[in-house]
Amino acid sequence: MAKPMFARRLSKELKDLAMNPPAGVDIIDANDFKVWKLGLAGAPGTLYEGEKFQLEFNFGPNYPLESPQVLFVGDNVPIHPHIYSNGHICLDVLYNHWSPVQTVASICLSLQSMLSSCTSKERPPDNANYIKTARANPKHTAWAFHDDTV
């Protein structure tokens, strides 16, 4: 029996990540096609240099037609104007600007770029309220993308 499309795609992506990971990205746990944990290191010369973060990717059966759920998890969630203290990430490519040509590696690069362009470590202004009311899955949030400066 043939593997479903998402399983074939994730098999290829995992192989590519293992053989040629982007700088600062490492596989922590990717034993199935539902949840992957990846390490993401802050890029040299940025506010996050030397810091290590953990990302969790949750894939649905419609991946790559639908984006994965992506969160920062663990004890070190980056302090950034677009990252909430619960790990939710306000980044348009994870939601309404998702395209099936994107990959786990390209998401990691987008997140590294977002971190690298940051000029001040601070939480989003509505962090306290958001984390009280947010659903567990950030894909259920009605995001307003209005600041592309960080």
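What you see is a predicted model, and the numbers here were worked out from it, not measured in a lab.

Caption draft 1: Quick look at the overall build of the protein. The helix and strand tally for the protein stands at 3 helices and 4 strands. Each helix and strand of the protein, ordered N terminal to C terminal, gives the series α-β-β-β-β-α-α. For 150 residues, the compact-globule estimate of 2.2 N^0.38 gives 15 Å, and the protein sits close to it at 15 Å. Reported as C-alpha extents along the three principal axes, the dimensions of the protein are approximately 50 × 35 × 25 Å. Residue burial in the protein is summarised as follows: out of 150 residues, 43% are buried. A separation threshold of at least 6 residues defines the contact pool for the protein, and within that pool the share at least 24 residues apart is 60%. Approximately 8,200 Å² of the protein is accessible, and the part contributed by carbon and sulfur atoms is 54%. Averaged over its 13 positive side-chain charges, the protein has a centre that lies 8 Å from the centre of its 15 negative ones.

Caption draft 2: Molecular detail of the sheet that holds strand S3 (residues 52–58). Here 4 strands make up an open sheet; going across it, the order is S1-S2-S3-S4 and the pairing antiparallel. Of all the strands in the sheet, just strand S1 (25–29) and strand S4 (69–73) have a single pairing partner and so form its edges. Pairwise comparison of adjacent strand axes, ignoring direction, gives a mean angle of 30° for this sheet. As paired strands, S1 and strand S2 (residues 35–41) are joined by 4 bridges and run antiparallel to one another. Across the sheet, Asp29 pairs through a bridge with Lys37, a residue of S2.

Caption draft 3: How the structure looks around helix H2 (residues 104–116). Taking 1.5 Å per residue as the helical rise, H2 with its 13 residues ought to reach 18 Å, and the 18 Å between its terminal C-alpha atoms agrees with that figure. Of the positions making up H2, those classed as buried are Val104, Ile107, Cys108, Leu111, Gln112, Met114 and Leu115. All buried residues of H2 project into a common sector of 160° when viewed along the axis, lining one side.

Caption draft 4: Expanded view of the nonpolar core. Among the nonpolar cores identified, the biggest contains 31 residues, and Leu55, Phe57, Phe72, Ile89, Val104 and Leu111 are the most heavily contacted of them. If you list the elements that add at least two residues to this core, you get helix H1 (5–19), S2, S3, S4 and H2. Take this core: its biggest share by element is 6 residues, from H2. With near-sequence residues (within four places) excluded, Leu55 lies in contact with Trp36, Lys37, Leu38, Leu40, Val70, Leu71, Phe72, Val73, Ile89, Cys108 and Leu111.

Caption draft 5: Inspection of the pairing of S3 at higher detail. Along S3, 5 of the 7 residues are buried, which leaves the element largely enclosed by surrounding structure. Sheet topology places S3 next to S4; 5 bridges connect them, and they run antiparallel. Each residue of the ladder has a partner; that of Phe57, found in S4, is Val70.

Caption draft 6: Seen up close, the side chain of Glu56. Mapping Glu56 onto the fold places it in strand S3. Of the residues examined, Glu56 reaches a relative accessible area of 16% and is grouped as buried. Side-chain polar atoms of Glu56 contact the side chain of Asn58, separated by 3.1 Å. Leave out the neighbours within four places in its chain, and Glu56 touches Val35, Trp36, Lys37, Gln69, Val70, Leu71 and Val73.

The rules behind the values
- Per-chain numbering applies: the sequence of each chain, read as written, is numbered from 1 onward.
- Only residues with pLDDT of at least 70 are given local features in this predicted model, and only at 80 or more are side-chain atom pairs given and counted; all residues enter the totals for whole chains, interfaces and linings.
- Only heavy atoms go into the side-chain values, all of them from the structure, while hydrogens and water stay out.
- Numbering of helices and strands runs from the N terminus; a helix is a DSSP stretch of H or I covering at least four residues, while a strand is a stretch of E covering at least two.
- The globule rule is 2.2 Å times the number of residues to the power 0.38, and the radius of gyration it is compared with is taken over C-alpha atoms.
- Exposure is judged per residue with a 1.4 Å probe applied to protein chains only, and the accessible area is read against the type maximum: over 50% gives exposed, under 20% gives buried, and values in between give partly exposed.
- Between two residues, a contact is recorded if the distance between any of their heavy atoms is within 4.5 Å.
- Surface accessibility follows the Shrake-Rupley procedure with a 1.4 Å probe radius. Residue values consider only the protein chains on display as shielding.
- Counted as positive: Lys and Arg. Counted as negative: Asp and Glu. His and the chain ends are not counted at all.
- Here the site of a charge means NZ on Lys, CZ on Arg, CG on Asp, or CD on Glu.
- Being paired, for any two strands, means DSSP has found at least two bridges between them.
- Fitted lines through C-alpha atoms serve as axes, helices being fitted only where they are in contact, and the angles separating the N-to-C directions of these axes extend from 0 to 180 degrees.
- A helix is expected to reach a length of 1.5 Å times the quantity of its residues less one.
- Our arc is simply the arc of the directions from the helix axis toward the C-beta atoms.
- Residues belong to a common nonpolar core when they are buried Ala, Val, Leu, Ile, Met, Phe, Trp, Tyr or Cys residues joined through side-chain atoms within 4.5 Å.
- Polar contact is the term for a pair of N or O atoms within 3.5 Å; when the atoms are in protein, one must be able to donate a hydrogen and the other to accept it, and sequence-neighboring residues count only if both atoms are side-chain atoms.

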